[in-house]
Amino acid sequence: MTEEKQIKHALISVYHKDGLDDILTKLHNEGVKFLSTGGTKTFIESLGFPCAAVEDLTGYPSILGGRVKTLHPKVFGGILTRRDNESDIQQTAQYEIPEIDLVIVDLYPFEETVASGADEADIIEKIDIGGISLIRAAAKNYDDVVIVASKAQYEPFKLLLEDKGAITTLKERSWFAKEAFGVSSAYDTAIFNYFDREEQSAFRMAINQPKVMRYGENPHQKGIFYGKFDELFEQLHGKEISYNNLLDIDSALSLMNEFDEWTFAVLKHNNACGVASRPTILEAWKDALAGDPVSAFGGILVTNGVIDKDVAEEINKIFFEVIIAPDYTIDALNVLKQKKNRIILLLKNGELQTRQYRSLLNGVLVQDKDLSVQTAGDLEPMTNRTPDEREIEDLLFANKLVKHSKSNAITLVKNKQLCASGIGQTSRVDALKQAIEKAAAFHFDLNGAVMASDAFFPFPDCVEIADKAGIRAIIQPGGSVNDMLSVEYCNEHEMSMVKTGVRHFKH
């Protein structure tokens with residue numbers, strides 16, 4: 001078997017024709033003969049290149065509304081014939097089947113059609129049959145055939161033509177075959193998921209945009225991100241984003257999506273260490289930073305408002321890794337870009353997916369994201385004293401924060417500002433004590449503050465500790481068999497407690 005092969009005949013059947021003209025020109029100049037059908041044939045001829053019709057080769061027209069065009073032994077025999085197999089050569093000669101050395105395919109846009117909201121009949125018609133068969137046949141016979149399976153492979157194939165002309169090596173054909181099977185498997189995955197819908201009868205996911213990280217969570221670990229980061233953000237400045245940056249960015253975006261008021265948040269290791277909602281972004285930043293100016297060092301900053309020069313000059317006073325905002329003024333960017341490694345992200349309007357995936361025990365754990373949002377109407381009073389309007393606002397604010405904090409979690413809030421949180425503790429009592437101690441360290445007066453818990457109180461100890469710290473209102477899911485013990489303590493000490501009925505564990 002000869003490793004290098006000359007491309008003499010090419011079958012081309014594509015949906016997207018952008019970027020194909022340069023390739024066709026180079027192939028034509030190399031003496032390659034074209035074979036095609038329908039719109040692709042018309043496109044090739046519009047460039048001034050001769051193109052044989054598949055219909056003339058097979059003796060059959062395109063039938064069934066275009067569903068059957070290339071599905072014929074004279075097409076697939078030409079692709080699958082093994083050039084070093086004497087029996088194959090004899091049969092192709094007997095049945096007058098020409099060898100096909102190159103197949104270029106771009107499949108019907110099934111995923112795009114589904115995303116457009118098209119009706120089912122249109123979606124079904126975008127399930128490519130001939131194209132996917134051509135891809136698999138050509139990729140299987142990569143010993144002799146080059147397969148360009150999508151528009152994404154146009155550029156590498158064009159570079160190959162520019163470098164070597166219409167000659168390929170086995171290694172190059174093998175690479176294109178690998179890419180082709182990636183295209184076909186992703187395409188079939190999308191179709192399966194469309195039909196499977198909410199049944200979740202099997203786990204199938206295909207993402208074609210790998211990004212190799214500098215390393216994983218630690219320098220000795222390898223890390224790769226598969227996803228469409230650029231659909232969510234535009235990086236305006238800074239160094240390459242790391243594995244840990246991505247974890248923090250995801251947490252920051254999920255948290256900020258909870259807020260409609262102007263809000264600023266500072267995160268560290270996926271948890272908020274400072275959050276505030278205020279009439280202006282500048283005020284929000286100052287009060288978010290006050291929540292924990294120590295942890296803010298090297299943190300992730302996120303806001304839902306425009307960063308102007310005044311805000312930029314204030315936040316430029318500390319070291320931070322990443323800032324995320326929906327917009328920046330030119331003057332603000334000039335300030336923020338003074339640090340060459342600082343990552344500046346412009347938030348786009350892309351939506352986050354609604355499911356979460358975690359690999360464990362040689363398998364994958366799937367769940368719906370915790371998108372439950374509680375409002376004032378969802379709060380059920382449990383005590384004689386009910387929270388006033390300001391306390392309700394703070395309770396809802398605190399509940400949003402505890403939802404995005406590692407369990408066991410407690411958040412303490414006053415005037416829509418995070419005073420402190422206790423996170424990731426094995427005991428809810430320890431989480432509360434951690435929060436109270438931290439609030440004291442940064443000189444917060446907790447008298448009149450509120451407390452949120454991500455899960456119910458099994459005993460009244462947390463309520464008692466909160467009372468002695470000055471906390472007057474509590475929000476929790478409720479549901480403990482000992483709820484009444486906590487309620488009784490609140491009633492005896494003129495505290496208010498409401499329940500939501502929704503637990504917010506985060507592990």
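As a starting point, this report considers the structure included with it. The residue numbers shown here count from 1 along each chain, following its written sequence. Under the rules for a predicted model, residues below a pLDDT of 70 receive no local features and side-chain atom pairs below 80 are neither given nor counted, while totals for whole chains, interfaces and linings still include all residues. Excluding hydrogens and water, the side-chain values take into account all heavy atoms of the structure.

1. Concerning the overall build of the protein chain
Okay, step 1: Going along the chain from the N terminus, every DSSP run of H or I of four or more residues is numbered as a helix, and every run of E of two or more is numbered as a strand. Helix and strand counts for the protein chain stand at 18 helices and 23 strands.
Okay, step 2: The dimensions of the protein chain, computed from C-alpha atoms along their principal axes, are 100 × 50 × 40 Å.
Okay, step 3: In this scheme, a residue with accessible area under 20% of its type's maximum is buried, one over 50% is exposed, and one in between is partly exposed, where area comes from a 1.4 Å probe on protein chains only. Taken over 507 residues, the protein chain has a buried fraction of 48%.
Okay, step 4: Intrachain contacts of the protein chain at a sequence separation of at least 6 include 56% that bridge at least 24 residues.
Okay, step 5: The charge count includes Lys and Arg as positive and Asp and Glu as negative, but it does not include His or the ends of the chains. Every charge is mapped onto a representative atom, which is NZ of Lys, CZ of Arg, CG of Asp or CD of Glu. Averaging the coordinates of the 55 positive side-chain charges in the protein chain and doing the same for the 75 negative ones gives two points 4 Å apart. Here, two residues are considered to be in contact whenever any of their heavy atoms come within 4.5 Å of each other.

2. A short note on the pairing of strand β14 (residues 320-325)
In regular strands, side chains alternate between the two faces of the sheet.
Okay, step 1: Most of β14 is tucked away: six of the six residues are buried.
Okay, step 2: Strands are labelled as partners when DSSP assigns at least two bridges between them. Relative to β14, strand β13 (residues 299-303) runs parallel, the two being bridged by four bridges. By the bridge assignment for β14, Gly 299 is matched with Phe 320.
Okay, step 3: Both β14 and strand β15 (residues 343-347) contribute to a ladder of four bridges, which runs parallel. The residue bridging Val 322 from the neighbouring strand is Ile 343, located in β15.
Okay, step 4: This β-α-β element, β14 to helix α14 (residues 330-336) to β15, shows right-handed connectivity. With the strands pointing away from the viewer, any crossover whose connection runs clockwise from the first strand over the helix to the second is right-handed.

3. Let's talk about a negative patch on the surface
Okay, step 1: Where like charges cluster on the molecular surface, the negative patch consists of Asp 308, Asp 310, Glu 313 and Asp 331.
Okay, step 2: Within the element layout of this structure, Asp 310 appears in helix α13 (residues 309-315).
Okay, step 3: Residue Asp 310 is classed as partly exposed on the basis of its relative accessible area, which comes to 47%. Residues enter a patch when their relative accessible area is above 30% and they make no salt bridge; the linking distance is 9 Å between like charges and 5 Å between nonpolar side chains (Val, Leu, Ile, Met, Phe, Trp, Tyr). Per-residue and other accessible areas follow the Shrake-Rupley method at a 1.4 Å probe size, with only the shown protein chains counted as cover for residues. When a carboxyl oxygen of Asp or Glu lies within 4 Å of a side-chain nitrogen of Lys or Arg, that pair is called a salt bridge.

4. Some remarks on the side chain of Thr 303
Okay, step 1: Positionally, Thr 303 belongs in strand β13.
Okay, step 2: In terms of polar contacts, Thr 303 uses its side chain to reach the backbone amide nitrogen of Gly 305, at 3.2 Å.
Okay, step 3: Not counting residues within four places of it along the chain, the set of residues in contact with Thr 303 comprises Met 256, Thr 263, Phe 264, Ile 281, Ile 324, Ala 325 and Pro 326. Polar contacts here mean pairs of N or O atoms no more than 3.5 Å apart (in protein, one a potential hydrogen donor and the other a potential acceptor; neighbouring residues in sequence count only if both atoms are side-chain atoms).

5. Some remarks on the pattern of salt bridges
Okay, step 1: Going through the model one piece at a time under the given rule, you end up with 27 salt bridges.
Okay, step 2: With its nearest N and O atoms 2.6 Å apart, the salt bridge here joins Asp 287 to Arg 278.

6. Considering helix α2 (residues 38-46)
Structural remark: α-helix, 3.6 residues per turn; residues separated by three or four positions point the same way.
Okay, step 1: Those residues of α2 that sit buried are Thr 40, Lys 41, Phe 43 and Ile 44. Down the axis of α2, the buried set is contained in an arc of 160°. They therefore lie on one face. Turned more than 90 degrees off the buried face of α2, the exposed positions are Thr 42 and Ser 46.
Okay, step 2: On its buried face, α2 sits against β2 (9-14), α1 (20-29), β3 (33-36) and β4 (52-53).
Okay, step 3: Directly after α2, the chain includes Gly 48, whose backbone phi takes a positive value near 90°. Of all possible arcs, the one meant is that of the directions from the helix axis to the C-beta atoms.

7. A short note on the sheet that holds β4
Sheets are built from strands paired through backbone hydrogen bonds, the pairs being either parallel or antiparallel.
Okay, step 1: Taken in spatial order, the five strands make up an open sheet running β4-β3-β2-β5-β6, and their pairing is parallel. Looking along the sheet, the strands with just one partner apiece sit at the ends: β4 and β6 (146-148).
Okay, step 2: Taken together, the four bridges between β2 and β3 define a ladder with parallel strand orientation. If you follow Ala 10 over to β3, its bridge partner there is Phe 34.
Okay, step 3: Helix axes are fitted only over the stretch in contact, all axes being lines through C-alpha atoms; the angle between N-to-C directions runs from 0 to 180 degrees. Where α1 meets the sheet, it contacts β2, β3 and β5 (102-106), and its direction lies at approximately 170° from that of β5.

8. Details of unusual backbone geometry
Both trends apply: most residues other than glycine have a negative phi, and most peptide bonds are in trans.
Okay, step 1: That bond from Ser 407 to Asn 408 is cis: its omega, -10°, falls within 30 degrees of zero.
Okay, step 2: Within the secondary structure, Asn 408 is located in the loop between α15 (389-403) and β19 (410-413).
Okay, step 3: We note that His 269 has phi near 50°; this positive angle belongs to a residue other than glycine.
Okay, step 4: Locating His 269 in the fold gives a position in the loop between β11 (263-268) and β12 (271-277).
Okay, step 5: The phi angle at Glu 494 is positive, at roughly 55°, despite the residue not being glycine.
Okay, step 6: Assignment of secondary structure puts Glu 494 in the loop between α18 (483-492) and β23 (496-499).

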